[in-house]
Structures are given as structure tokens and as C-alpha cells.
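# Coordinates in review
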Amino acid sequence: MPKELPHKKLFIFGYGYTAAFLVAALKRDPRAHWTIIGTTRDREKLDQLKAVGIKTYLLNEHGGLGDPLAMMAGTTHMLISTPPDDRGCPVYNILEEQIATIETIEWLGYLSATSVYGSREGAWVDESSEARPISKRGSRRLKAENQWLKAHKEYDIPSHIFRLTGIYGPRRSGLDAVRAGRSRRIRKEGHVFNRIHVEDIAQTLLASMSKPNPASIYNVSDNLPAPSWEVITHACKLVGVEPQPIIDFEDADLAPITRSFYADNKRVKNERIKEELGVRLKYPSYKEGLVQCLKSEEHLDEILEQAGFSVVS
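A brief look at the structure comes next. Keep in mind that what you see is a predicted model, and the values were worked out from it rather than measured. (Residues numbered from 1 in each chain as written. Predicted model: local features only at pLDDT ≥ 70, side-chain atom pairs only at ≥ 80, totals over all residues. Heavy atoms only, no water.)

## Some remarks on the environment of Ile80
By the secondary structure assignment, Ile80 is in strand β4 (residues 77-80). Take Ile80: its relative accessible area is 0%, and that puts it in the buried class. Each C-alpha atom, one on Ile80 and one on Gly109, is 6.1 Å from the other, the two residues being 29 residues apart in sequence. What Ile80 contacts, discounting residues up to four positions off in sequence, is Phe13, Cys89, Val91, Leu108, Gly109, Tyr110, Leu111 and Trp148. (Helix = DSSP H or I, 4+ residues; strand = E, 2+ residues; numbered from the N terminus. Buried < 20%, exposed > 50% of the residue type's maximum accessible area, 1.4 Å probe, protein only. Contact = heavy atoms within 4.5 Å.)

## Considering the side chain of Lys9
Here Lys9 is to be found in strand β1 (residues 7-13). Lacking a salt bridge, the buried Lys9 has Asp67 as its closest oppositely charged neighbour, with an N-O distance of 11 Å. In terms of polar contacts, Lys9 uses its side chain to reach the backbone carbonyl oxygen of Ala73, at 2.5 Å. With residues up to four places along the chain from it excluded, the contact list for Lys9 reads Trp34, Thr35, Ile37, Met71, Met72, Ala73, Gly74, Thr75, Thr76 and His77. (Lys, Arg positive; Asp, Glu negative; His and termini not counted. Salt bridge = Lys/Arg side-chain N within 4 Å of Asp/Glu carboxyl O. Polar contact = N/O pair within 3.5 Å; in protein donor to acceptor, adjacent residues only side chain to side chain.)

## Thoughts on the pattern of salt bridges
Within the structure shown, the criterion is met by nine salt bridges. Arg163 is the salt-bridge partner of Glu145, the closest N and O atoms lying 2.7 Å from each other. Taken together, the residues Glu145 in helix α5 (residues 136-155) and Arg163 in strand β7 (residues 159-164) connect sequence positions 18 residues apart. For the pair Glu145 and Arg163, one class covers both residues: buried.

In short, the description is geometric, and any link to function would need to be established separately.
Next up, the structure:
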């Protein structure tokens, strides 16, 4: 008689693109049987998730979960992917005390961003580097991080912080910008961006879930910080489009939000996820990642439909 698989329950606050890839990976995990519960602010997405058997709730800044303790009962793992506001993490501000009472919880992951480091004029940063954000985005992320680290200290909530770099993946990459005619090759001398393929985020989260280390902080980035214009050039080559001329940053007509990203310049080290969690990146640079984005497009709908997420909508 085959051994019965252990039952695990993952509660996801903010079920989006990254969460869908994590759920797709969990559905292939032979080590456990997973129950997935999610929240969203989008009623259409709510219906998509329910259609594939994922219990989902609408969540707003006032809560909206009805009886949250009943809904979160038995949760073993929790992923928080909701964006922060000026008060930090909305989930923490609404539900911290209730989450602290969940006796079954083994792991909580908060998806943050490397914007908390601010700019280093192109120098390298690791998890021991001082957090000194220069943007509102980074300041909000840092406040949310500190809230979950405080929750670990005060309530023993098994909080883990994941500082993500720029997320890309199938239908959300430079390939799509090139095809849509939205790509521009903008060069700012000495400036680089850091990136991570969504599948490598998923495998990092899985590795941490298998090896919890509460209060840990992990940078989640690939091995090759690179200028955005280089990525667009490679994407053009892959889809057979002639690259547009390079534009100097000073001459580019950019929206304020886009221009603000160029104020942040650093290289993000990723040794900790490799050494502590044993992660071997599937896509160590944008070159391998973009090739895989191109190859996986024909199978993407099937993969994400199983996880209850449509990248088209």
C-alpha cells in the first residue's frame, strides 16, 4: 500500500503571476498534497481561480475575509505578495494578530524587492548590506519587511524575506515589448538592472519552504546584472526584428516612474540562495531566460490555466 502523502495548506495573499508559477510547481511536487487558498482584488481573477478548484477570497484594505481565523485554519505555509502602502504591509496591518494564533504554520514568505538597498552607483550588494532606499517604493518595502521581522521576534511567526529583482517570464519579458513595438534601447553610462526569471523565484521559494530558517533574508536575482538596452538587443535577435537605434538617457523622453528606475544602480549578489538553499538557477542570465520564454509560449496557457491564472487578462 503506497504511503499517504503529507497534507500541506498554502495561503497566498495576492495571487498573481509569481504565485501562479509557484502553484504550478507545487502541483508537480511528489512530496506532498497541497491545498491552495488565495486572495485577489480582481473579481474576474476570483472566478478564474475558483474554476480550477482554488478557494479564493476578495481582499481589500479593510479586510474582506469574513472570518479570517476560520479561513486560515490549518495553514502550514503562507505567501504574501501584496504591494505595500505608506503603512507597510496591508496583510500585517490587518491580520498580524490572527496569523500569530495559527499553530500549524511552518513558513511565511514575504515578497519584497531589492529597491530597499537604494543605489550603490553600480557596486555589489548582498543581504548584509545596509538598506537605505531612495524611492517611496523602496521605503514602503523596507517598512513591510521590518513588520514581518518584528512579527517573528514578538510572536514567533516564521517570517522569511525575499528581495526580488526585476521579474520576467513568458509573455512578460523583453520579447513582448519588442513585438508590441514598445521597446527602446536606452543607454545610461555605467547603469545596470538586475533580473530574475519567474521560474527561478518559484524554485527558490520551494527550497526555502523545504528548509525553513525564520528571520532570513534572501536576494533573488540571476548572475548577470546588465543594461536594459543589451536585453532588448538580444530579444530583437531572437524574434528577428531589427533593433532601434540606441538613445542616450539624457535625450530620452521618459515618464517620471520610468526615469526613477534609472536612479537606482547596483549589482545584486545571489550567493545565499545557492549556498544555503541549494538553488541552481535554471536561467543564470537573461540570455537563457529569453530563449526559454520563447520556447515555452506554446505550453504556457496549459501550465497557468492549471494554476488558475491567465497572463492574457
